[in-house]
Amino acid sequence: MIGAGKIKQYANILEKPLGKGKQEVSLSAFAFLFSELVQYNQTQVDNISELETRLEDAGYAVGARVLELLCHREKGNRRETRLLGILSFVHSTVWKVLFGKVADSLEKGTEHEDEYMISEKELLVNKFISIPKDMGTFHCGAFVAGIVRGVLDNAGFPAVVTAHFVPVEGQQRPRTTILIKFAEEVLQREARLG
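Every value quoted in this text rests on a predicted model; they were computed, and no experiment measured them.

What counts, and where the lines are drawn
- Residues numbered from 1 in each chain as written.
- Predicted model: local features only at pLDDT ≥ 70, side-chain atom pairs only at ≥ 80, totals over all residues.
- Heavy atoms only, no water.
- Axes fitted to C-alpha atoms, helices over the stretch in contact; angles between N-to-C directions.
- Helix = DSSP H or I, 4+ residues; strand = E, 2+ residues; numbered from the N terminus.
- Parallel < 35°, antiparallel > 145°, perpendicular 65-115°, else oblique.
- Left-handed = near helix turned anticlockwise from the far one by under 90°.
- Contact = heavy atoms within 4.5 Å.
- Nonpolar A, V, L, I, M, F, W, Y, C, P; charged D, E, K, R; others polar.
- Core = buried A, V, L, I, M, F, W, Y, C linked by side-chain atoms within 4.5 Å.
- Buried < 20%, exposed > 50% of the residue type's maximum accessible area, 1.4 Å probe, protein only.
- Pairing = 2+ DSSP bridges.

This brings us to the packing of helix α3 (residues 83-99) against helix α5 (residues 142-154). The geometry of α3 relative to α5 is characterised by a closest axis approach of 11 Å and an angle of 130° between their N-to-C directions. Relative to α5, the element α3 is oriented oblique. In this structure, the crossing between α3 and α5 has a hand that is right-handed. Here Ile 86, Phe 89, Val 90, Val 94, Trp 95, Leu 98 and Phe 99 of α3 lie close against α5, whose contacting residues are Val 144, Ile 147, Val 148, Val 151 and Leu 152. Across the contact of α3 with α5, the residue classes tally to twelve nonpolar, no polar and no charged.

Turning our attention to the nonpolar core. Counting 42 residues, the largest nonpolar core has Trp 95, Leu 152, Ile 178, Ile 180 and Phe 182 as the members making the most contacts within it. Sorting the residues of this core by element identifies α1 (27-44), α2 (48-74), α3, β2 (115-120), α5, β3 (159-166) and β4 (175-182) as the ones contributing at least two each. Excluding anything up to four places from it in sequence, Ile 180 contacts Leu 87, Asp 114, Glu 115, Tyr 116, Ile 118, Val 148, Leu 152, Ala 159, Val 160 and Val 161.

This brings us to the packing of α1 against α2. The geometry of α1 relative to α2 is characterised by a closest axis approach of 9 Å and an angle of 130° between their N-to-C directions. Regarding the angle of α1 to α2, the classification is oblique. The hand of the α1/α2 crossing is right-handed. Of the residues in α2, those in contact with Leu 37, Val 38, Tyr 40, Asn 41, Gln 42 and Gln 44 of α1 are Leu 51, Arg 54, Leu 55 and Ala 58. Taken together, the residues that form the contact of α1 with α2 break down as six nonpolar, three polar and one charged.

With that settled, consider the side chain of His 91. Mapping His 91 onto the fold places it in helix α3. Ignoring anything within four residues of it in the chain, the contact list for His 91 reads Val 102, Ala 103, Asp 104, Ser 105 and Leu 106.

Moving on, we get to the pairing of β4. In terms of residue burial, β4 counts as a mostly covered element, since six of its eight residues are buried. Bridging between β2 and β4 involves six bridges; their strand directions are antiparallel. Its bridge partner lying in β4, Ser 119 is registered against Thr 177. The pairing of β3 with β4 spans eight bridges and is antiparallel. The residue of β4 that forms the bridge with Val 161 is Ile 180.

Here we take up the side chain of Glu 115. Checked against the element boundaries, Glu 115 lands in strand β2. Overall, the relative accessible area of 15% leaves Glu 115 in the buried class. Beyond its immediate sequence surroundings of up to four residues, Glu 115 is in contact with Lys 108, Gly 109, Leu 179, Ile 180 and Lys 181.

So yeah, pure geometry; function would need other evidence.
Have a look at this one:
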């Protein structure tokens with residue numbers, strides 16, 4: 001007879017069910033792995049532009065997988081079909097899963113209709129990185145730009161996504177802005193949808 005509240009004994013450890021476990025990664029573990037990713041790719045390239053491209057490509061693969069995971073978990077396998085919906089999804093849901101909080105701001109570009117910006121005061125990938133003087137314009141945010149591009153591209157919103165430092169008056173470190181420039185087809189589709 002199986003009584004209520006009794007713990008089932010497993011004869012073999014392989015029969016024991018796996019728990020979900022924590023869904024967070026240690027910050028120090030992430031910082032170490034990301035540092036190794038940057039260092040490895042640095043040995044494989046000749047200039048800063050190639051290094052940023054390799055980091056963006058690594059981020060793209062992460063973004064594609066994050067989209068699949070979140071669409072399955074959060075949305076019952078449904079995807080966004082509207083421009084503002086996908087931007088809000090990236091700004092809030094994706095950012096919260098990856099960085100533990102919603103991005104600082106989401107803004108529409110004032111000069112161009114097809115540009116949007118996600119700004120972060122202190123982007124996690126830049127937090128523990130010190131850039132040598134000889135690598136002046138290098139930006140680790142290229143990895144996050146790749147994640148955003150991976151999410152957008154795989155959701156059917158092709159875009160060119162880049163990371164930029166924007167100086168902030170009175171602060172030592174500049175904020176990071178992820179600039180999203182959507183393809184013309186996205187804007188045409190959005191206009192048709194009304």
